[in-house]
Each structure stands twice: as C-alpha cells, then as structure tokens.
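# Structure assessment
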Amino acid sequence: MTDNTVAGRDEQPGRALAELLRNWWESSAREGREKPTQQSLAKRLGVDQTTLSRYLNPAHASNAPRRIVEQLHSALRAPADDLVRACALADAAAETAPSRKRPAATAPPGTAPVPAGPADRRGAARWWDRSPVTYPTLAVASLLLLALGGFVWWLAPAAGQGDAKATAHVSDRPSEGTDWPLARKGNVLWKARTVQLLLRANGFDVAVDADYGPATAKAVKQFQSAHGLTPDGKVGKDTWPLLIVTVDSRTTKPDAVTAVQYLLHHAGVPTDSTGTYTLSTMRSLKEFQESRNLPATGIGDEGTWRALLNAQGPDQHT
C-alpha cells in the first residue's frame, strides 16, 4: 500500500477518516440488522455521544484514535479490507494534528538576555505579597472550612442510613449499576418492551407497545401472585429472576429470544431481530459477554440478562 493510498494525494487524513467511519456506520444496517444508535454505540466504546458524533462527522477532521477505530470496525462489522486504511488514516491524522503547546519566545538575533531584577523574582515566587488578603486570614478560613466539612461528613451517613437498605439491589439508573433495575408503571421504551415480551413468553397476552401502562401492570401483578410474590405491579430484584427465560438453541419461546436480540442491539451489538436463536444471535451474545467479563457461553442466562438490562439507556417515563 502506497502513501497515496493511505492518506490520498491531496486528501486530509482527518477528513478521510471521518468519511470512512461515517460510511461504516451508515452501512451497518444490512442483512436484516438495524443500524445502532450513536448513543448505544458511544456507550459501548466508552466515550460520550458528542465525542462520537465528532468522530463520525465528515464536515470536520476526525481525530479518532486507533483504539476507537478498531472498536468501531468490530462493532459495525465493517469490511475487513477497510481496517488497514482506517488505522493508517488515524495515525496520519494524529501526526498532523496541531500541537496545543505554544512555542517558547526567543530573543531577536544579537540581543543579550536581560536578567530578572529582584522585584521580578520576588513577584513571581511570592504571589501572596500581591494579594489583598493576608496569610493569617487565609489560614483561619481554611481551618473553618475543614471544621465545617467534618461536621457535614458526620451528619451525612445518619441522614441517608434509613433509605440504604430499602433501595439495595434496586437501581433506577441501569446504565450505572450491576443490580436488577426497577421497572414500573409509567416506564416507556426499553423497560416496558422487555417486560411485555417476557410476560408474553410466560403466557400472558399483553400488547408489546413499549408503554408500561395499566394492562402491563395488571399482568405483572397476576404473574407475581402466581409465584408467591407481593403483587405490587413492579418488576424488581425479586420478579426479574422469575420473569426472565434462559435463551439458547433449545428455546421455543420466540418472545424471549426477541427480547434478548432487542437488548443486544440497543447495547451496541448489532443483532438480527428474528425471534429465533440463530448462529448470529449466539455470536452476538458471546461478544457481549466478553465485553462484560462474563463467561462467553452464548447462552442468555441470569447473569447475562442482568448485564443486558444494565447496558441500556437511561430510564424513560411518560
């Protein structure tokens, strides 16, 4: 591969890299797969969505590092031949990026350096001599702040102690925790859709409309009563383990398989939504499990379900 092939004869490496990455993302919706959202893709890469959008914007020079380029190539299943060129463009863009350091000022030729006087040295080293606040005043203020901070620290555990046990193992911020999230009436999008698909897999005839409304809450209460749980209509740490269905090649419940495929796709692992456990589903499950340091079995077991739920976007309510 020649230098012209890598960076183009008159081509800016950053612009070329942005166009290539954008093309990967736009072309990822093929063979029945959905294009991942930038939000889910950014979460998988470990960057914020604004940064990812800048990497994928052909209107600006991309400064995506090689690590991000390689992860995007894998996540979007881009053509194998593109990886070498993309990495070369990333390296070239990094080399041509302008430095943020300003060059040191130099004296004109033939000019002798002027030594700093006593006043200059003292003014640079002792900033407090120029401050209107005296040093003893600063010391007293620092001691007062330390005392106040210690008092607040002493009060804080006592104020929150009563709620700590009540909220243990139940997280309303699934993307930040590893416990079972709490799904309840008023949820929309991924929480509602997952609960509805699993209710159908357990024999309840509910509509999959991604809206955790009265009908869904009623079905959850019926499920809880049938399993000896308190029928509160909320799916938390006690209900999720009973509601989920292990998904593997022997699964005969298409709604459960669809739920896993849906969660995988929105966790940044492009997956076909077929309702059938295919080789593609198994590969996607293994890829997700490896990314979460789980045993790469390709089986949607309890640990994988919990990790999938925690890999989704923020909680959404009506």
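Right above here is the structure, for reference.
For the structure given in this document, a descriptive report is provided here. (Residues numbered from 1 in each chain as written. Predicted model: local features only at pLDDT ≥ 70, side-chain atom pairs only at ≥ 80, totals over all residues. Heavy atoms only, no water.)

Attention now moves to the packing of aromatic side chains. Applying the stated criterion to the full structure yields 2 aromatic pairs. Note on Trp-180 and Trp-240: the rings are 6.2 Å apart at their centroids and 15° apart in plane angle, and the pair reads as stacked. Of this pair, Trp-180 sits in strand β2 (residues 180-181) while Trp-240 sits in helix α11 (residues 240-243), and the two are 60 residues apart along the sequence. Taking relative accessible area as the criterion, Trp-240 reaches 0% and is therefore assigned buried. Centroid distance Phe-204 to Phe-223: 6.2 Å. Interplanar angle 70°. Geometry classified as edge-to-face. With Phe-204 in the loop between α9 (190-201) and α10 (214-226) and Phe-223 in helix α10, the pair connects residues that are 19 residues apart, well separated along the chain. In this structure Phe-204 comes out as buried when scored by relative accessible area, which is 19%. (Phe/Tyr/Trp six-rings, centres within 6.5 Å; stacked < 30°, edge-to-face > 60°. Helix = DSSP H or I, 4+ residues; strand = E, 2+ residues; numbered from the N terminus. Buried < 20%, exposed > 50% of the residue type's maximum accessible area, 1.4 Å probe, protein only.)

Attention shifts here to helix α5 (residues 66-75). Of the residues making up α5, those classed as buried are Ile-68, Val-69, Leu-72, His-73 and Ala-75. The secondary structure elements touched by the buried residues of α5 are α2 (13-26), α3 (38-45), α4 (49-55) and α6 (82-96). Arg-77 sits one or two residues past α5 and shows a positive phi near 50°. (Contact = heavy atoms within 4.5 Å.)

Moving on: the packing of α2 against α5. Between α2 and α5, the shortest axis-to-axis distance is 10 Å and the interhelical angle comes to 25°. With respect to their mutual orientation, α2 and α5 come out roughly parallel. Helix-helix and strand crossings are classified by hand; for α2 and α5 the assignment is left-handed. For the pair formed by α2 and α5, the contact residues are Leu-17, Leu-21 and Trp-24 on the first element and Val-69, Leu-72 and His-73 on the second. Residues of the contact of α2 with α5, tallied by class, amount to 5 nonpolar, 1 polar and no charged. (Axes fitted to C-alpha atoms, helices over the stretch in contact; angles between N-to-C directions. Parallel < 35°, antiparallel > 145°, perpendicular 65-115°, else oblique. Left-handed = near helix turned anticlockwise from the far one by under 90°. Nonpolar A, V, L, I, M, F, W, Y, C, P; charged D, E, K, R; others polar.)

To continue, consider the side chain of Gln-312. With respect to the helices and strands, the residue Gln-312 is situated in the segment after α14 (302-310). Looking at Gln-312, its side chain comes within polar contact range of the main-chain oxygen of Leu-263, at 3.0 Å. (Polar contact = N/O pair within 3.5 Å; in protein donor to acceptor, adjacent residues only side chain to side chain.)

The next subject is the pattern of salt bridges. Under the criterion given, the structure shown has 7 salt bridges. One salt bridge in this structure joins Arg-200 and Asp-255, with 3.7 Å as the shortest N-O distance. With Arg-200 in helix α9 and Asp-255 in helix α12 (residues 254-266), this residue pair connects regions lying 55 residues apart in the sequence. For Asp-255, a relative accessible area of 22% gives the class partly exposed. Arg-306 is paired through a salt bridge with Glu-302; the nearest N and O atoms lie 3.9 Å apart. Of this pair, Arg-306 and Glu-302 both sit in helix α14, separated by 4 residues, roughly a single helical turn. (Salt bridge = Lys/Arg side-chain N within 4 Å of Asp/Glu carboxyl O.)

A few words now on the environment of Trp-25. By the secondary structure assignment, Trp-25 is in helix α2. For Trp-25, a relative accessible area of 9% translates into the label buried. Distance in space between the C-alpha atoms of Trp-25 and His-73 is 9.3 Å, their sequence separation being 48 residues. Ignoring sequence-local partners within four residues, the contact set of Trp-25 consists of Lys-35, Pro-36, Gln-38, Leu-41, Leu-56 and Leu-76.

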